[in-house]
Amino acid sequence: MKSIIKSILCGTALILMASCASSSSSKQAPSGAPSATISVGGMTAAYKGAVASAKGTLNYQGQIHHFTMTGVGYGGYGAQKV
């Protein structure tokens, strides 16, 4: 069960990263230390419908920002809130 949840979370993360990458211009990534780090953990449960919840922290320029993500879905349709 845990491996299924991890697979779903990884898949969701990859889709989100791909959509962010495709919407950005073709600038090169800056060299040097990153200006931000992010840490996310969560869970997903699904049968015919799906429920997802995650919490995380964003460390940007020395400031820590906490966030939550929640989502629901049914039959391939759904909604998400960050």
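Residues numbered from 1 in each chain as written. Predicted model: local features only at pLDDT ≥ 70, side-chain atom pairs only at ≥ 80, totals over all residues. Heavy atoms only, no water.

### Focus: the environment of Gln61
Basically, it comes down to this: Helix numbers and strand numbers start at the N terminus; a helix is a DSSP run of H or I with at least 4 residues, a strand a run of E with at least 2. Here a polar contact means two N or O atoms within 3.5 Å. Within protein one must be a hydrogen donor candidate and the other an acceptor candidate, and residues neighboring in sequence count only if both atoms are side-chain atoms.
Inspection of the secondary structure puts Gln61 in the loop between β2 (49-60) and β3 (63-74). C-alpha separation for the pair Gln61 and Pro34, spaced 27 residues apart in sequence, amounts to 9.4 Å. Only 3.3 Å separates the side chain of Gln61 from the side chain of Tyr60, close enough to count as a polar contact.

### Some details on the confidence of the model for the chain
Selection rule: Within a predicted model, pLDDT stands for the predictor's per-residue confidence, ranging from 0 to 100.
Here the chain averages 75 in pLDDT, and 60% of its residues register 70 or above. Mean pLDDT per element in the chain: helix α1 (residues 2-23) is the minimum at 61, and β2 is the maximum at 89.

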